[in-house]
Amino acid sequence: MSIKIHVNAQIAVASAGSASANFGTPIFVAEHSITSNRQDGPYSSLAAAEAAGFTLAAAPVIHSWLSAVFSQQPRASQVLIGRRAPGEHLATALTAIEAENPAAFYAINIALNNANEIMALATWTESRFKIAIAQTSDTAVLDGDASTQQVTTETIDTAAAGDWVLTVFNAWTGALVGTATYNAAGGAGPQGIATGLRAAYDGVAELAAITEPAAGVGAAVELTFDGLGNGYIVQLTPPAGGAATQTNAAQVQNVLELGSALGFDRTAVVYHNNDTENLDGSWTSRCLSFNLDRQHSIWAYHELKGIAGTRLSDSQKSTVLGDNGNYYSPVTYTSGLEEDAFTFKGTMLSGRSIDNTTTQDLTQARMEEAVVAAFKQASSVNSKIGMNDDGIQLLGGTVLAELDKLVRASHYADGAVSSITGRRTPYIDTPLVSSLSASQRQSRQVTMSGEAVFDGAIESVGSASVVGIDLVVSF
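Residues numbered from 1 in each chain as written. Predicted model: local features only at pLDDT ≥ 70, side-chain atom pairs only at ≥ 80, totals over all residues. Heavy atoms only, no water.

1. Concerning the overall build of the protein
Right, so step 1: Secondary structure summary: the protein contains 13 helices and 18 strands in total.
Right, so step 2: Overall size of the protein, expressed as C-alpha extent along the three principal axes, is 85 × 70 × 50 Å.
Right, so step 3: When burial is assessed residue by residue, the protein has 49% of its 475 residues classed as buried.
Right, so step 4: For the protein, the accessible area works out to roughly 20,000 Å², and carbon and sulfur atoms hold 50% of it.
Right, so step 5: If you average the places of the 25 positive and of the 45 negative side-chain charges in the protein, the two averages end up 12 Å apart. (Helix = DSSP H or I, 4+ residues; strand = E, 2+ residues; numbered from the N terminus. Buried < 20%, exposed > 50% of the residue type's maximum accessible area, 1.4 Å probe, protein only. Areas by Shrake-Rupley, 256 points an atom, 1.4 Å probe, with all protein chains shown as cover. Lys, Arg positive; Asp, Glu negative; His and termini not counted. Charge placed at Lys NZ, Arg CZ, Asp CG, Glu CD.)

2. Comments concerning the sheet that holds strand S12 (residues 243-248)
Right, so step 1: With antiparallel pairing, three strands are arranged side by side in an open sheet as S10-S7-S12. Edge positions in the sheet fall to strand S10 (220-224) and S12, since each has one partner strand and no second. For this sheet, the mean angle separating the axes of adjacent strands, direction not counted, is 15 degrees.
Right, so step 2: Examined bridge by bridge, strand S7 (residues 151-158) and S12 share six bridges and lie antiparallel to one another. Residue pairing across strands places Glu154 opposite Gln246, the latter belonging to S12. (Pairing = 2+ DSSP bridges. Axes fitted to C-alpha atoms, helices over the stretch in contact; angles between N-to-C directions.)

3. Observations concerning the environment of Gly241
Right, so step 1: Considering the arrangement of structural elements, one finds Gly241 in the loop between strand S11 (232-237) and S12.
Right, so step 2: Under the relative-accessibility criterion, Gly241 is labelled exposed at 59%.
Right, so step 3: Considered as a pair, Gly241 and Ala161 are 80 residues apart in the sequence and their alpha carbons are 8.3 Å apart.

4. A short note on the side chain of Ser285
Right, so step 1: Tracing the chain through its elements places Ser285 in helix H9 (residues 279-287).
Right, so step 2: Apart from the residues within four sequence positions on either side, Ser285 is in contact with Val69, Gln72, Pro74, Arg75 and Ala76. (Contact = heavy atoms within 4.5 Å.)

5. What about the environment of Asp157?
Right, so step 1: Relative to the assigned elements, Asp157 resides in strand S7.
Right, so step 2: For the pair Asp157 and Phe54, spaced 103 residues apart in the sequence, the C-alpha separation amounts to 42 Å.
Right, so step 3: Excluding its chain neighbours within four sequence positions, the residues that come into contact with Asp157 are Pro190, Ala243, Ala244 and Thr245.
Right, so step 4: Reaching out from Asp157, the side chain makes a polar contact with the side chain of Thr245 at a distance of 2.4 Å. (Polar contact = N/O pair within 3.5 Å; in protein donor to acceptor, adjacent residues only side chain to side chain.)

6. Quick notes on helix H2 (residues 60-71)
Within an α-helix, residues lying three or four positions from one another point in the same direction, as the helix has 3.6 residues per turn.
Right, so step 1: Between its first and last C-alpha, H2 extends 16 Å over 12 residues, near the 16 Å set by a 1.5 Å rise per residue.
Right, so step 2: Every buried residue of H2 is listed here: Ile62, His63, Trp65, Leu66, Ala68, Val69 and Phe70.
Right, so step 3: Of the surrounding secondary structure, the elements contacted by the buried residues of H2 are strand S2 (26-31), strand S3 (39-43), helix H1 (46-51), strand S4 (79-84), strand S5 (107-110) and H9. (Expected span 1.5 Å × (residues − 1).)

7. Some remarks on the sheet that holds S2
Right, so step 1: On the basis of which strands lie adjacent, the open sheet formed by eight strands has the order S3-S4-S2-S5-S6-S13-S14-S15 and mixed pairing. Because the sheet does not close on itself, it has two edges, and the strands there are S3 and strand S15 (338-344). When the angles between neighbouring strand axes are averaged without regard to direction, this sheet yields 25 degrees.
Right, so step 2: Here five bridges tie S2 to S4, and the two strands are oriented parallel to one another. Looking across to S4, one finds that Ile27 is bridged to Leu80.
Right, so step 3: Here helix H4 (residues 115-126) sits on the sheet in contact with S4, S5, strand S6 (131-136) and strand S13 (267-271), set at roughly 170 degrees to S6.
Right, so step 4: Contacts from H9 reach S2, S5, S6, S13, strand S14 (326-332) and S15, with the element oriented near 145 degrees to S6.

8. What about the pattern of salt bridges?
Right, so step 1: Under the counting rule described, the total for this entry stands at 10 salt bridges.
Right, so step 2: Salt-bridge contacts for Glu338 lead to Arg311; the nearest nitrogen and oxygen are separated by 2.6 Å. Pair noted here: Glu338 is in strand S15 and Arg311 is in the loop between H9 and helix H10 (314-322), with a separation of 27 residues, a long-range link.
Right, so step 3: Owing to a relative accessible area of 37%, Glu338 belongs among the partly exposed residues under this scheme.
Right, so step 4: What makes Arg311 exposed here is its relative accessible area of 60%. (Salt bridge = Lys/Arg side-chain N within 4 Å of Asp/Glu carboxyl O.)

9. Section: the pairing of S6
Right, so step 1: Burial analysis of S6 places six of its six residues in the buried class, the great majority of the element.
Right, so step 2: Burial of the side chains of S6 extends over both faces: Ile131, Ile133 and Gln135 are buried on one face and Ala132, Ala134 and Thr136 on the other.
Right, so step 3: Direction of pairing for S5 relative to S6: parallel, over a ladder of two bridges. Paired with Ile108 across the bridge in S6 is Ala132.
Right, so step 4: Where the polypeptide runs from S5 across H4 and back to S6, its parallel neighbour, the crossover connection is right-handed.
Right, so step 5: In this sheet, S13 lies alongside S6 in parallel orientation, the contact comprising five bridges. (Right-handed = clockwise from strand over helix to strand, strands pointing away.)

It is worth stressing that arrangement in space is one thing and function is another; only the former is reported here.
Right, dumping it as structure tokens:
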């Protein structure tokens, strides 16, 4: 049963659902056959994961990630492995993995890092109270190359009578876009089948809406898709005895350009020129070592063990940062001395700092937990929190006490003035019973609201955002 039945906490960041409570556990999603579980672990050491079967010989990709994660000091205290079935879309795999134990992990890394995979990860994560960290080695993000359209061609190699079925899926969500079917009569040749398929494709409104009219000459069916950088999965299923070949023209998919344009608040992408070094896992492990209840920390300026920095020009760094990306690179001082590589800048694709998102999630989790704990405490002594002015104020004080703890941990500023309302923060406003509507009284629900201001760290320039808080509490 959802926590929202009892307390619905809504946290929104202003410019002038509940969080997972397990903020220290990452999960790595990859195909494997070690077990049939969707989640394996948690493992608190490389040796423990190897004992469970995730050895270098049996699962080299996973073992490499585990080695990187457990090499960091400090590091995440435990990890999980999420199993993706062969050929399964990432969104489908993540949904199945989450269903096994939604609260077991907070951060997600994935084995594949092409643009469609990262965009699928970002799309899925955006609707959850989790974060995702991915890495890319695509130099398009360094050069600022503009994304281009996808052009896919299916060429009929061997004709056969029966249904030729052309299916298109959204590569970022796995959702079916549409299906076109051409029934080839006996004696039809490759060119005739291709002509029939082109007409069948254009006749499906859902497919025609995402491409230019199906083109191609001879036995080819050429599909030019909409949108610069959009990704689609095309599958042509021939009848028995038929065969076809798929080719894809070179396409630029600048994942930073695409992700920043969509404003993903829960996925960060870091450039790294070596796909085998698991920079994403190392960075995630290093920063999930933070004890957020005690001390707010940022994701920038961290050195990572076992990871070689990528030397980037000032222009390349500016291009990556301009599209809300991150990098792990050394810096050269004016004196000529070179400083070892460190992570920078610690932002999501939207440009929001990663630590702002984790603070937001922590706040929501702790407020929900505190309100439910107050109700349970009253019930444990055969009492209750009454739906009266005293009871409402008690719950308001409970929530404010949690905000005060987060102020002491440097998540929020102490006494900062809101740029939205001009009030000193943090604060929680509680209504008087006399101000409640008849429907509120009947449903026994009370809405409390407040604000807090992020205690923004100075990275290269500092900025502060106001956090709006709304809680609907059911008595």
